[in-house]
Amino acid sequence: LVVIDDLGWDDLGFRNDGQIKTPNFDALASGGVILDNYYVQPSCSPTRATIMTGRKPVSTGINFWIPNAAYGLPLHETTVAQLLNARGFQSHAIGKWHLGFFRTEYTPTFRGFDSFYGYYEGSEDYFAHTTSGGLDFHFEVGQRCGAKCSQLVWDAQGLYSTNLYTQRAISVISSHNVSTPLFMYLAYQGVHAPRQSPDHYVKPYLESISDP
């Protein structure tokens, strides 16, 4: 399951006559099914909570983006990872969480995931991986990986998050034992603020888009 944060309706090549080059998504669209009559909330946390539980925001209580406050996806809610794990799946979360972290019980490996590689909060620097003055990039392996288990990924600083999350996804898939079913939740940071990208992604649009 791949989630793209704050992607606009017209931000894919097959919707904008190729103004933005997205060949892989264009290929998926041409060979798959486009669901173009579905809607999400105008902020990220309600949509994440709905994806994770299958329940509407009015039921989860997550009706707006989660700030740095003492709440998150209620612990009585069952996540898709917990349901699939009960059926023999291995579940891995990669990228943005943003469903609560004020207590460890709200973090991914306490919500059914066997590993987590990513950040807890709503936004951060794409290269430094810092927010609110500190590093928010975690690697956690094993169910209920708490304070004595979670590792800060200091060596990720200076590396672009999209590439890091893609590399982690490839690693998870490549090392997975196919005798066990796999669920992977790949929640990219992009295209959420701040607007940061390697220069080689920006330069092709300097002439075609006035404010890339």
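Residues numbered from 1 in each chain as written. Predicted model: local features only at pLDDT ≥ 70, side-chain atom pairs only at ≥ 80, totals over all residues. Heavy atoms only, no water.

A.B. asks: Quick one: what's the story with the overall build of the chain, residue by residue and with numbers?
C.D. replies: Helix and strand counts for the chain stand at 6 helices and 8 strands. Order of helices (α) and strands (β) in the chain, N terminus to C terminus: β-α-α-α-α-β-β-β-β-β-β-α-β-α. On C-alpha atoms alone, the chain measures out to a radius of gyration of 18 Å, which is about the 17 Å that the 2.2 N^0.38 rule sets for 212 residues. Expressed along its principal axes, the backbone C-alpha trace of the chain runs to roughly 50 × 40 × 40 Å. Taking all 212 residues of the chain together, the buried fraction comes to 41%. When the accessible surface of the chain is totalled, it reaches about 11,900 Å², and 56% of it is carbon and sulfur. Taken as two groups, the 14 positive and 19 negative side-chain charges of the chain have centres that lie 10 Å from each other. (Helix = DSSP H or I, 4+ residues; strand = E, 2+ residues; numbered from the N terminus. Rg over C-alpha atoms; globule rule 2.2 N^0.38 Å. Buried < 20%, exposed > 50% of the residue type's maximum accessible area, 1.4 Å probe, protein only. Areas by Shrake-Rupley, 256 points an atom, 1.4 Å probe, with all protein chains shown as cover. Lys, Arg positive; Asp, Glu negative; His and termini not counted. Charge placed at Lys NZ, Arg CZ, Asp CG, Glu CD.)

A.B. asks: So what about helix α5 (residues 161-175)? Which residues, and what values?
C.D. replies: If you check α5, its first and last C-alpha atoms are 21 Å apart, about what 15 residues at 1.5 Å a residue would give, namely 21 Å. S161, L164, Y165, R168, A169 and V172 are the residues of α5 that are buried. Projected onto a plane normal to the axis of α5, the buried residues spread over an arc of 135 degrees and lie on a single side. Exposed positions of α5 whose direction lies more than 90 degrees from the buried face are I173 and S174. Those residues of α5 that are buried are in contact with β2 (90-96), β3 (115-119), β6 (138-141) and β8 (182-187). (Expected span 1.5 Å × (residues − 1). Arc of directions from axis to C-beta. Contact = heavy atoms within 4.5 Å.)

A.B. asks: Residue-level account of the sheet that holds β2, with values.
C.D. replies: Judged by pairing direction, the sheet is mixed, and its 6 strands sit side by side in the order β1-β8-β2-β3-β6-β7 without closing on themselves. Of all the strands in the sheet, just β1 (2-3) and β7 (151-152) have a single pairing partner and so form its edges. Where β1 lies against β8, 2 bridges are found, and the strand directions are parallel. Bridging across to β8, V2 finds its partner in L186. Packing against the sheet, helix α2 (residues 44-53) makes contact with β1, β2 and β8, and its axis sits at approximately 175 degrees to β8. (Pairing = 2+ DSSP bridges. Axes fitted to C-alpha atoms, helices over the stretch in contact; angles between N-to-C directions.)

A.B. asks: So what's going on with the pattern of salt bridges? Residues and values would help.
C.D. replies: Two side chains with opposite charge may pair up if their charged atoms get near one another. Tallying each qualifying case throughout the model produces 4 salt bridges. Connected through shared salt-bridge partners, D5, R48 and K96 make up one network. (Salt bridge = Lys/Arg side-chain N within 4 Å of Asp/Glu carboxyl O.)

A.B. asks: I'd like a description of the packing of aromatic side chains, backed by residues and values.
C.D. replies: To describe a pair of aromatic rings, one takes the distance between the centres and the angle between the planes. Under the counting rule described, the total for this entry stands at 14 aromatic pairs. Judged by centre distance (6.2 Å) and plane angle (25 degrees), the rings of F113 and F183 are stacked. Separated by 70 residues along the polypeptide, F113 in the loop between β2 and β3 and F183 in strand β8 bring together distant segments of the chain. Judged by its relative accessible area of 0%, F113 is buried. Look at F137 and Y165: their rings are 5.9 Å apart centre to centre, the planes differ by 35 degrees, and that puts the pair in the tilted class. Pair noted here: F137 is in the loop between β5 (134-135) and β6 and Y165 is in helix α5, with a separation of 28 residues, a long-range link. (Phe/Tyr/Trp six-rings, centres within 6.5 Å; stacked < 30°, edge-to-face > 60°.)

A.B. asks: With reference to specific residues and values, describe the nonpolar core.
C.D. replies: Ranked by internal contacts, the top residues of the largest apolar core, which has 17 residues, are M52, L73, W97, L99, F113, F183 and Y185. Those elements giving two or more residues to this core turn out to be α2, α4 (80-85) and β8. By size, the runner-up hydrophobic cluster in this structure holds 14 residues, among which are L135, V153, M184 and L186. (Core = buried A, V, L, I, M, F, W, Y, C linked by side-chain atoms within 4.5 Å.)

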